[in-house]
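# Coordinates in review
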Amino acid sequence: NETSSYDAANHDVFIGFQHYLEKKFVTPEALSKAWFLNYWGENIHTWEDLPTRNGAQSTGYKLEWSRWSQMRVTDFLHWQAALVRECVGPHQFITTDYGGMMKRDVNEEAIAEALDIPADNIYHGSQDHFDGSTQSIQGDFSRALKHGNFLVTETNAQSTDWTSAHQYPPYDGQLREDVYIHLSNGANMVEYWHWASIPANQETYWKGVLSHDLEPNRAYAEVSRTAHELEKIGPHLVGLQIHNQVAILWSRDSNNAISFMPFTSSGPQWSFGPATADYATLVQQLHKSLYDLNVGADFVFPTTQDFSAYKLLIVPALYISDDALLQRISDYVKKGGHVVMTFKSGFANENSAVRWVRAPGPLREAAGFSYQEFSNLEHPLALKDDPFHAGAANKVSNWAEFLMPEHAKPIAFYDHPFFGKWPAITENSFGSGILLYEGTYLSDALQTAVLRDALQKANLTGPDQQVPAAVHVQHGVNRMGKRLHYYFNYSGDEVKANYTYAAGTNLLNGNAVAHSAELTLAPWDLAIVEESAAASAGKP
């Protein structure tokens, strides 16, 4: 259950790390060279000289330790899966429930190799913070692990938290809508933690479907209604295949390495507080922008060898990368792909050592610029002339790379007497493709505007970008080969939306839905339109 390394660093873990390094680097001298341990005289000449994790200063050490922590979790779960596999019957399957995806110390992709189907425990905001975005990013990542469906083994029932300070039970309709959100992201099952609320101990206030009195209630009635609907239409929803044309490249190594050398802090210099923006917030911002634009996204990884299945590849802060991955990204652009890349990409190699070439290293030709300096931004800055029409949100913050265009086109400059000498955002045509680079941290609304522009240039916009703001749309193909279109209303008001796909049937009420029909969505409600068989013929 939610297995991770829990930062274990006891003696046997440390000795295991030492043996792992011996196998990887062969000699202490090779390790010292890779990690630049001559700085501060930290070179080791025998393996017994290796410091413990608590005494380590080297960023290379810290990155490799994070990999070792991941390997321990992976090895443990592979061992557990092998034991279970000896006993399972032909109709049983093996899974494990990740405690939320995109952990720094858990290699979800490697663990998934031992599973028949991955499972995730997905918790999210409720009431006025219920918009499906958290379920979507977690579902998209879960789906990427084995390029297929997944299970939701835990999700919100009434309310959550280990105290009584965050008790926000869902509004009417949100529990039901939540089930269909998970299904629309590719889930094959939805379970709750808990079914019945427990009367004591740490999770007293982690409320289940039933309250502590164990009697039927408002939540139970809504879950029961949903279950009866699924008895009828579940076969049309389960096993959904989702085909997206946009992918986000997610790098666990970059997540870890940036956490060792954060680019933001809540405290003054030399007394750093917790980061106010980091790799995770950047990834979440990019995904949320796509989500708000009604554009589905997959996740790909540094081990992905071919990005050609996607028209647009988004690369957040790829701080750690070997040359081969950077070359694959460059080749993808050259062959016609579109890339949106952010600051800090291409900066350090696989050992967390900054390359001794001008940034962005091997990406320089595809990006069309170089830079030698960078700066934190003490205060948010505006972009000159509001190039993306973001209005009050025309702001950038935290970080600025002093980009020097070589053959890239500057498309936004800082509105500042000093920083205004350098572009904040560039766009470069390379081969048959385009690489857009953000040298700074954009506000949420500005990021959405930049991505909208990039999507238009990649011919990835259409009617889904015209629906009301409260409406979110999801698409897929069910096991019957028919296209499904989910329309969610994330508001407490009735909303109308135009249905722009082939004629079909709203599975929730059995009503026929014509092309260009107007869907009326009640507060916190949805429609699921299944196209007719004829309409789906020949479609992916």
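Residues numbered from 1 in each chain as written. Predicted model: local features only at pLDDT ≥ 70, side-chain atom pairs only at ≥ 80, totals over all residues. Heavy atoms only, no water.

## So, the overall build of the protein
The number of helices and strands found in the protein is 13 helices and 23 strands. For the protein, the C-alpha radius of gyration of 25 Å lies close to 24 Å, the compact-globule estimate for 540 residues. For the C-alpha atoms alone, the extent of the protein along its principal axes is close to 70 × 55 × 45 Å. Here the protein holds 540 residues, and 55% of them are scored as buried. For the protein, restricting intrachain contacts to residue pairs at least 6 apart in sequence, the fraction spanning at least 24 positions comes to 68%. Counting only carbon and sulfur atoms, one obtains 52% of the accessible surface of the protein, whose full area is about 24,300 Å². Side-chain charges in the protein split into 38 positive and 61 negative, and the spacing between the mean points of these groups amounts to 6 Å. (Helix = DSSP H or I, 4+ residues; strand = E, 2+ residues; numbered from the N terminus. Rg over C-alpha atoms; globule rule 2.2 N^0.38 Å. Buried < 20%, exposed > 50% of the residue type's maximum accessible area, 1.4 Å probe, protein only. Contact = heavy atoms within 4.5 Å. Areas by Shrake-Rupley, 256 points an atom, 1.4 Å probe, with all protein chains shown as cover. Lys, Arg positive; Asp, Glu negative; His and termini not counted. Charge placed at Lys NZ, Arg CZ, Asp CG, Glu CD.)

## Description of the side chain of Asn 398
Its location among the elements puts Asn 398 in strand β11 (residues 395–401). Take Asn 398: its relative accessible area is 17%, and that puts it in the buried class. Polar side-chain contacts of Asn 398 include one of 3.3 Å to the side chain of Ser 397. (Polar contact = N/O pair within 3.5 Å; in protein donor to acceptor, adjacent residues only side chain to side chain.)

## Focus: the sheet that holds strand β16 (residues 440–442)
Read from one edge to the other, the open sheet built from 3 strands follows the order β10-β11-β16, with strand pairing classed as antiparallel. With partners counted over all chains shown, the strands left at the sheet margins are β10 (374–382) and β16, one partner each. On average, each strand axis in the sheet is inclined to that of its neighbour by 15 degrees, with strand direction left out of account. Two strands pair when backbone bridges link them, and β10 and β11 are joined in this way by 6 bridges, in the antiparallel orientation. In the strand pairing of β11, Ala 382 is matched with Lys 395. This element, helix α12 (residues 444–457), spans β11 and β16 of the sheet and lies at about 95 degrees to β16. (Pairing = 2+ DSSP bridges. Axes fitted to C-alpha atoms, helices over the stretch in contact; angles between N-to-C directions.)

## Some remarks on the nonpolar core
Considering soluble globular proteins, one finds that nonpolar side chains tend to be buried as a cluster. Leu 290, Phe 299, Leu 313, Ile 314, Ile 329, Val 339 and Ile 425 are the most contacted members of the largest nonpolar core, which totals 95 residues. Per-element tally for this core: the top contributor is α12, with 6 residues. Residues in contact with Ile 425, not counting those within four places in the same chain, are Leu 383, Phe 388, Lys 409, Pro 410, Ile 411, Ala 412, Leu 436, Tyr 437, Glu 438, Leu 442 and Val 450. In terms of nonpolar packing, the next biggest core, distinct from the first, is built from 25 residues, Leu 237, Ile 242, Trp 524 and Ile 528 among them. (Core = buried A, V, L, I, M, F, W, Y, C linked by side-chain atoms within 4.5 Å.)

## Structural notes on the packing of helix α9 (residues 279–292) against α12
Running from N to C, α9 and α12 point in directions that differ by 60 degrees, and their axes come no closer than 9 Å. Taken together, α9 and α12 sit at an angle that is classed as oblique. The chirality of how α9 crosses α12 is right-handed. Contacts from Gln 285, Leu 286, Ser 289 and Leu 290 in α9 reach Asp 444, Gln 447, Thr 448, Leu 451 and Leu 455 in α12. Its residues assigned to classes, the contact of α9 with α12 shows 4 nonpolar, 4 polar and 1 charged. (Parallel < 35°, antiparallel > 145°, perpendicular 65-115°, else oblique. Left-handed = near helix turned anticlockwise from the far one by under 90°. Nonpolar A, V, L, I, M, F, W, Y, C, P; charged D, E, K, R; others polar.)

## Digging into the packing of helix α5 (residues 133–146) against α9
With their axes 10 Å apart at the nearest point, α5 and α9 run at an angle of 110 degrees to one another. When the axis of α5 is compared with that of α9, the two are roughly perpendicular. Judged by residue contacts, Ser 133, Ser 136, Ile 137 and Asp 140 of α5 engage Gln 284, His 287, Lys 288 and Tyr 291 from α9. Residue composition of the contact of α5 with α9, grouped by class: 2 nonpolar, 4 polar and 2 charged.

## Here we look at helix α6 (residues 174–184)
Of all 11 residues in α6, 11 are buried; the element is thus mostly enclosed. Of all the positions in α6, only Gln 174, Leu 175, Arg 176, Glu 177, Asp 178, Val 179, Tyr 180, Ile 181, His 182, Leu 183 and Ser 184 are classed as buried. The positive-phi residue at the C-terminal boundary of α6 is Gly 186, with phi of around 110 degrees.

## Side note on the layout of surface pockets
Put simply, the largest pocket is a space of about 750 Å³. The wall of the largest pocket is formed by 36 residues, among which His 243, Asn 244, Gln 245, Asp 464 and His 475 lie closest to the centre. Breaking the lining of the largest pocket down by element, the ones donating at least two residues are α5, α9, β17 (471–477) and β18 (483–489). (1 Å grid on protein atoms, 1.4 Å probe; cavity = no way out; pocket = protein on both sides within 12 Å on 5 of 7 lines; lining within 4 Å. Points joined across faces, edges and corners; volume = space filled by probe spheres on them.)

## Looking at the packing of aromatic side chains
To describe a pair of aromatic rings, you give the distance between the ring centres and the angle between the ring planes. Inspection of every chain in the model, using the stated rule, returns 36 aromatic pairs. Each ring, one from Trp 250 and one from Tyr 279, has its centre 6.4 Å from the other, and the planes form 65 degrees; the classification is edge-to-face. Here Tyr 279 lies in helix α9 and Trp 250 lies in the loop between β5 (246–249) and α8 (252–260), a separation of 29 residues in the sequence. Residue Trp 250 shares its accessibility class with Tyr 279, and that shared class is buried. Aromatic rings pair up to connect Phe 17, Tyr 20, Phe 25, Trp 35, Tyr 61, Trp 65 and Trp 68 into one cluster. The positively charged end of Lys 344 is found above the aromatic ring belonging to Trp 399, 4.1 Å away from the centroid. (Phe/Tyr/Trp six-rings, centres within 6.5 Å; stacked < 30°, edge-to-face > 60°. Lys NZ or Arg CZ within 6 Å of the ring centre and 35° of its normal.)

## Here we look at the confidence of the model for the protein
The predicted model of the protein averages 96 in pLDDT, with 99% of residues at 70 or higher. Counting interchain partners and residues more than four positions distant, the pLDDT-below-50 stretch residues 535–540 has 12 contacts. (pLDDT = per-residue confidence, 0-100.)

## Brief notes about the sheet that holds strand β3 (residues 150–155)
Taken in spatial order, the 4 strands of this open sheet run β1-β2-β3-β4, and their pairing is parallel. At either end of the open sheet lies a strand with only one pairing partner, and these are β1 (97–98) and β4 (187–190). By the bridge criterion, 2 bridges tie β3 to β4 in an arrangement that is parallel. By the bridge assignment for β4, Phe 150 is matched with Ala 187.

## Some thoughts on a nonpolar patch on the surface
Together, Phe 76, Trp 79, Leu 83 and Val 84 make up a nonpolar patch on the protein surface, roughly 380 Å² of accessible area in all. Tracing the backbone shows Val 84 in helix α3 (residues 59–85). Given a relative accessible area of 42%, Val 84 falls into the partly exposed group. (Patch = residues over 30% accessible without salt bridge, like charges linked within 9 Å, V, L, I, M, F, W, Y side chains within 5 Å. Salt bridge = Lys/Arg side-chain N within 4 Å of Asp/Glu carboxyl O.)

## Thoughts on the pairing of β11
With 6 of 7 residues buried, β11 lies mostly within the body of the structure. Sheet topology note: the β11/β16 ladder contains 3 bridges and is antiparallel. If you follow Val 396 over to β16, its bridge partner there is Leu 442.

## Things to note about the pairing of β3
Residues in a regular strand point their side chains to alternate faces of the sheet. Taken across its 6 residues, β3 has 6 buried, putting it largely inside the fold. The pairing of strand β2 (residues 119–122) with β3 spans 4 bridges and is parallel. Within β3, the residue paired with Ile 122 across the bridge is Thr 155. In this view, the connection linking β2 to its parallel neighbour β3 by way of α5 has right-handed handedness. Once the chain exits β3 it traverses α6 before rejoining the sheet at β4, and the crossover so formed is right-handed. (Right-handed = clockwise from strand over helix to strand, strands pointing away.)

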